[in-house]
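Observations on chain architecture
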Amino acid sequence: MNILHTFIEMTLPYLISILEIIGIIVVFWSGIYGFFQYFQNTFLKKHHDLQTNLARGLAMGLEFKMAAEILRTVLIQSLDELYMLGAVILLRALLSILIHFELKDSKKKEPSEKDGSES
């Protein structure tokens, strides 16, 4: 049992860092791609669903960051660390919920906008 605990304590920080980096890359790429779509919409008169695409990318990035925070709970050694981690998880979960709410709201608006433009 002690060998397993030592193995987890040695490998888990690397796994957490990998998930954090993946989350950062996804959010960064979503921002760059969102800016590219914004540029196309503004100057080339394209019609990309910028808000939905950006929200999906941000939500996916937050999911990776949440996975890292959940794994981090295994390494908690004090009550102060637990409070801090709980606050971070709560904030990220709230952001994720808000983004998912925004995605659902934009999906509800799509059919009505299409119906309105066809009339």
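Above: the structure in question.
Quick summary incoming for the structure in this document. (Residues numbered from 1 in each chain as written. Predicted model: local features only at pLDDT ≥ 70, side-chain atom pairs only at ≥ 80, totals over all residues. Heavy atoms only, no water.)

**Regarding a nonpolar patch on the surface**
A cluster of nonpolar side chains, Phe 28, Trp 29, Ile 32, Tyr 33 and Phe 36, forms an exposed patch at the surface whose accessible area comes to about 580 Å². Following the sequence through the fold, Phe 36 ends up in helix α1 (residues 2-43). (Patch = residues over 30% accessible without salt bridge, like charges linked within 9 Å, V, L, I, M, F, W, Y side chains within 5 Å. Areas by Shrake-Rupley, 256 points an atom, 1.4 Å probe, with all protein chains shown as cover. Salt bridge = Lys/Arg side-chain N within 4 Å of Asp/Glu carboxyl O. Helix = DSSP H or I, 4+ residues; strand = E, 2+ residues; numbered from the N terminus.)

**Notes on the side chain of Arg 92**
By the secondary structure assignment, Arg 92 is in helix α3 (residues 79-118). Among the polar contacts made by the side chain of Arg 92, one reaches the main-chain carbonyl oxygen of Lys 65 at a distance of 3.5 Å. A polar contact is formed between the side chain of Arg 92 and the side chain of Glu 69, at a distance of 2.9 Å. Residues within four places of Arg 92 in sequence aside, it is in contact with Glu 20, Leu 62, Lys 65, Met 66 and Glu 69. (Polar contact = N/O pair within 3.5 Å; in protein donor to acceptor, adjacent residues only side chain to side chain. Contact = heavy atoms within 4.5 Å.)

**What to know about the nonpolar core**
Formed by Ala 55, Ala 59, Leu 62, Ile 99 and Leu 103, the largest nonpolar core amounts to five residues. For this core, the element with the most residues is helix α2 (residues 50-72), which contributes three residues. (Core = buried A, V, L, I, M, F, W, Y, C linked by side-chain atoms within 4.5 Å. Buried < 20%, exposed > 50% of the residue type's maximum accessible area, 1.4 Å probe, protein only.)

**Digging into α1**
Taking 1.5 Å per residue as the helical rise, α1 with its 42 residues ought to reach 62 Å, and the 61 Å between its terminal C-alpha atoms agrees with that figure. Taking the largest bend as the criterion, α1 deviates by roughly 35°, centred on Thr 11, and proline Pro 13 comes between one and four positions later. Taken as a whole, α1 has its buried residues at Leu 12, Ile 16, Leu 19, Glu 20, Gly 23, Ser 30, Gly 34, Gln 37 and Gln 40. Residue Lys 45 follows α1 closely and has a positive phi angle near 55°. (Expected span 1.5 Å × (residues − 1). Bend = angle between axes of the 7 residues up to and from the residue.)

**Considering the packing of aromatic side chains**
In this structure the tally under the stated criterion is two aromatic pairs. On the basis of an interplanar angle of 20° and a centroid distance of 6.4 Å, the ring pair of Trp 29 and Tyr 33 is categorised as stacked. Highlighted residues: Trp 29 and Tyr 33, both in helix α1, separated by four residues, approximately one helical turn. Note on Trp 29: relative accessible area 56%, which makes it exposed. Classification of Tyr 33 as partly exposed rests on a relative accessible area of 38%. Look at Phe 39 and Phe 43: their rings are 5.0 Å apart centre to centre, the planes differ by 50°, and that puts the pair in the tilted class. Of the two residues, Phe 39 and Phe 43 both sit in helix α1, four residues apart, roughly one turn of that helix. For Phe 43, a relative accessible area of 56% corresponds to the exposed category. (Phe/Tyr/Trp six-rings, centres within 6.5 Å; stacked < 30°, edge-to-face > 60°.)

Interpretation note: all reported values are geometric properties and have no functional meaning in isolation.
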